[in-house]
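The chain contents come next:
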Amino acid sequence: MTTPFLVIGNFKMNQVTRAEAEQYVIVLRREMATVTLSHSRGILCPSFVHLGLYQDLSAGIRLGAQHGFPEKSGAFTGEVSFAQLKDMGVEYVILGHSERRHYFGETDEATRVRLEAALKYLVHPVVCIGETREERQSGKRDALLSKQLETLFRGLPKMQAEKVVVAYEPRWAIGSGEVPTTEEIVSVGTLIRQKLTELFDENTMRRISVVYGGSVKTALLGSVSFEAGMNGVLVGGESLSPYEMVKMLQAAEHFYTD
Ligand code: PGA
């Protein structure tokens, strides 16, 4: 495996108090003290207000954010720029998440603008694509995913494209406890990689990590990722436990060492 297996924790707007965040950090540091990550990488994406608490956590654990604004600085009340995130030690940013699309009307086009800006400030975009339940039932999934990839990637220089992580997150699977079958994820993985090859070339495609997200649990890691040919997972609820986060990383280490 050339790219590390990514376990990306999306905390969303959880951990209300500073004490909760600090407790997470204490437990994670302790649990990671005896763990060496050779094949996997953990990426924690807490709320902006807690980013400072998660810096320099442990070797193999990187810092991520859940959102970012394309302009570097200026009169944009309430926004946080990728340049500011980078300066805080942020290396990854989740973009185009279905909750951003649903509650804040973010489109693929707006996500593309953010993606280019994140790359400019050397933050890796973790760009989410995925179909709704209706789109799945009416057989529109593949056409939709192709169109999303086109909008997000077309015309991007190859050197930039390979820094992006694609997260396949079926919208009906997020927070629902339902997950696609391994076969479905394999088929979507094939579609994404074919599309990326068409937009760039095979070498570039191989450098782009493709991860699965939506109701990921530690116990499901095999069926939704390893066996499905994914390069990692984007995890919401389960990542709020530092113990589960470490278990997922250890499972990846075992899988790629054995
Ligand atoms: P979930 O969230 O794991 O709680 O379903 C995943 C996500 O929204 O990224």
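Reading the values: the criteria
- Each chain carries its own residue numbering, running from 1 in the written order of its sequence.
- It should be noted that, the model being predicted, local features are given only for residues of pLDDT at least 70 and side-chain atom pairs only at 80 or more, the latter also being counted only at that level, while totals for whole chains, interfaces and linings use all residues.
- Water and hydrogen atoms were dropped before computing side-chain values, which therefore reflect all heavy atoms in the structure.
- In DSSP terms, a helix is any run of H or I states spanning at least four residues, a strand is any run of E spanning at least two, and both are numbered starting from the N terminus.
- Buried, partly exposed and exposed residues are distinguished by accessible area as a fraction of the type maximum, computed with a 1.4 Å probe on protein chains only: under 20%, between the cut-offs, and over 50%, respectively.
- By the convention used here, residues are in contact when the closest approach between their heavy atoms is within 4.5 Å.
- Every accessible area reported is derived by Shrake-Rupley at a probe size of 1.4 Å, with residue values counting cover from the shown protein chains alone.
- When charges are counted, neither His nor the chain ends are considered; positive counts come from Lys and Arg and negative counts from Asp and Glu.
- In plain terms, the charge of a residue is placed at NZ if it is Lys, CZ if Arg, CG if Asp and CD if Glu.
- Angles run from 0 to 180 degrees between N-to-C directions of axes, and those axes are lines fitted to C-alpha atoms, restricted for helices to the stretch in contact.
- If you view the pair so one helix is near and one far, a crossing is left-handed when the near helix is turned anticlockwise from the far one by less than a right angle, and right-handed when it is turned clockwise.
- Under the scheme applied here, ten amino acids are nonpolar (Ala, Val, Leu, Ile, Met, Phe, Trp, Tyr, Cys and Pro), four are charged (Asp, Glu, Lys and Arg), and all others, including Gly, are polar.
- Salt bridge, as applied in this entry: a Lys or Arg side-chain nitrogen positioned within 4 Å of an Asp or Glu carboxyl oxygen.
- Any two strands between which DSSP finds at least two bridges are classified as paired.
- Put simply, angles under 35 degrees are roughly parallel, angles over 145 are roughly antiparallel, angles from 65 to 115 are roughly perpendicular, and the rest are oblique.
- Nearness of a residue to a molecule or strand requires only that one of the residue's heavy atoms be within 4 Å of it.
- Any pair of nitrogen or oxygen atoms within 3.5 Å is treated as a polar contact; in protein, a donor-acceptor pairing is required on top of that, and neighbouring residues in sequence qualify only through side-chain atoms on both sides.

Student: For this particular structure, what's the right way to read the overall build of the chain?
Tutor: Looking only at helices and strands, the chain features eleven helices and eight strands. Seen along its three principal axes, the alpha-carbon backbone of the chain occupies a region of about 50 × 45 × 35 Å. The buried share among the 258 residues of the chain stands at 52%. For the chain, the proportion of contacts with a sequence separation of at least 24, taken over those separated by at least 6, is 73%. Accessible area for the chain stands at about 11800 Å²; split by element, carbon and sulfur atoms hold 52% of it. Distance between charge centres in the chain, computed from 28 positive and 31 negative side chains, equals 3 Å.

Student: Looking at this model, I keep getting lost on the packing of helix α6 (residues 141-153) against helix α8 (residues 182-199). Mind explaining?
Tutor: Helix-helix packing is characterised by the crossing angle of the two axes and by the distance between the axes. Between α6 and α8, the shortest axis-to-axis distance is 10 Å and the interhelical angle comes to 35°. Relative to α8, α6 is oriented so that their crossing is right-handed. Taking contact as the criterion, the partners of Arg-141, Asp-142, Leu-145, Ser-146, Leu-149, Glu-150 and Phe-153 in α6 are, on α8, Glu-184, Ser-187, Val-188, Leu-191, Ile-192, Lys-195, Leu-196, Glu-198 and Leu-199. For the contact of α6 with α8, the per-class residue count stands at eight nonpolar, two polar and six charged.

Student: When you look at the pattern of salt bridges in this model, what are you seeing that I'm missing?
Tutor: A side chain with one charge may pair with a side chain of the opposite charge, provided their charged atoms come close. Per the counting criterion, the structure on display carries 17 salt bridges. The partner of Glu-91 in a salt bridge is Arg-62, with the nearest N and O atoms 3.1 Å apart. Highlighted residues: Glu-91 in strand β4 (residues 90-95) and Arg-62 in strand β3 (residues 61-65), separated in sequence by 29 residues. Residue Arg-62 is classed as partly exposed on the basis of its relative accessible area of 26%. With a closest N to O distance of 2.4 Å, Arg-206 and Glu-202 form a salt bridge. Of this pair, Arg-206 and Glu-202 both sit in helix α9 (residues 202-207), four residues apart, which is roughly one turn of that helix.

Student: Explain the pairing of strand β1 (residues 5-10) here, please?
Tutor: Looking along a regular strand, one sees the side chains alternate between the two faces of the sheet. The buried fraction of β1 amounts to six of the six residues, a majority that puts the element mostly inside the structure. Side chains Phe-5, Val-7 and Gly-9 of β1 all project onto a buried face; the interleaved residues Leu-6, Ile-8 and Asn-10 project onto the opposite face, where all are buried too. Looking at chain direction, β1 and strand β2 (residues 40-45) are connected through six bridges and run parallel. For Leu-6, the partnering residue across the bridge sits in β2 and is Arg-41. As judged from the four bridges shared by β1 and strand β8 (residues 232-235), these two strands associate in the parallel manner. Bridge pairing links Val-7 to Val-233 in β8.

Student: Looking at this structure, I do not really get the packing of helix α1 (residues 18-32) against helix α11 (residues 242-257). What am I missing?
Tutor: The N-to-C vectors of α1 and α11 enclose an angle of 30°; their axes lie 9 Å apart at closest approach. As far as their axial angle goes, α11 and α1 are roughly parallel. Handedness of the crossing formed by α1 with α11: right-handed. Facing α1, whose interface residues are Tyr-24, Val-27, Leu-28, Arg-30, Glu-31 and Met-32, α11 presents Pro-242, Tyr-243, Met-245, Val-246 and Leu-249.

Student: How should the site of the ligand be read in this particular structure?
Tutor: Around the ligand, the surrounding shell holds 14 residues, and the nearest of these are Lys-12, His-97, Glu-169, Gly-175 and Ser-215. The side chain of Asn-10 places a nitrogen or oxygen atom 3.5 Å from an oxygen atom of the ligand. The protein chains hide 95% of the 280 Å² of surface that the ligand would expose on its own. Of the residues that constitute the shell around the ligand, the class distribution is five nonpolar, seven polar and two charged.

Student: Is there a simple way to explain the environment of Thr-111 in this structure?
Tutor: Examined against the element boundaries, Thr-111 turns out to sit in helix α4 (residues 108-120). Through-space distance from the C-alpha of Thr-111 to that of Cys-128 is 9.3 Å; in sequence the pair is 17 residues apart. Not counting residues within four places of it along the chain, the set of residues in contact with Thr-111 comprises Leu-95, Gly-96, Arg-101, Val-127 and Leu-152.

Student: Looking at this structure, I do not really get the sheet that holds β8. What am I missing?
Tutor: What links the strands of a sheet is backbone hydrogen bonding, and the strands pair in either a parallel or an antiparallel sense. One closed barrel holds the eight strands; their spatial order is β1-β2-β3-β4-β5-β6-β7-β8, and the pairing between them is parallel. Strand-to-strand twist across the sheet, computed as the mean angle between neighbouring axes with direction ignored, equals 25°. Relative to β4, β3 runs parallel, the two sharing three bridges. The residue of β4 that forms the bridge with Gly-64 is Tyr-92. Packed on one face of the sheet, α8 meets β5 (124-129), β6 (165-168) and β7 (209-213) and runs near 145° to β6.

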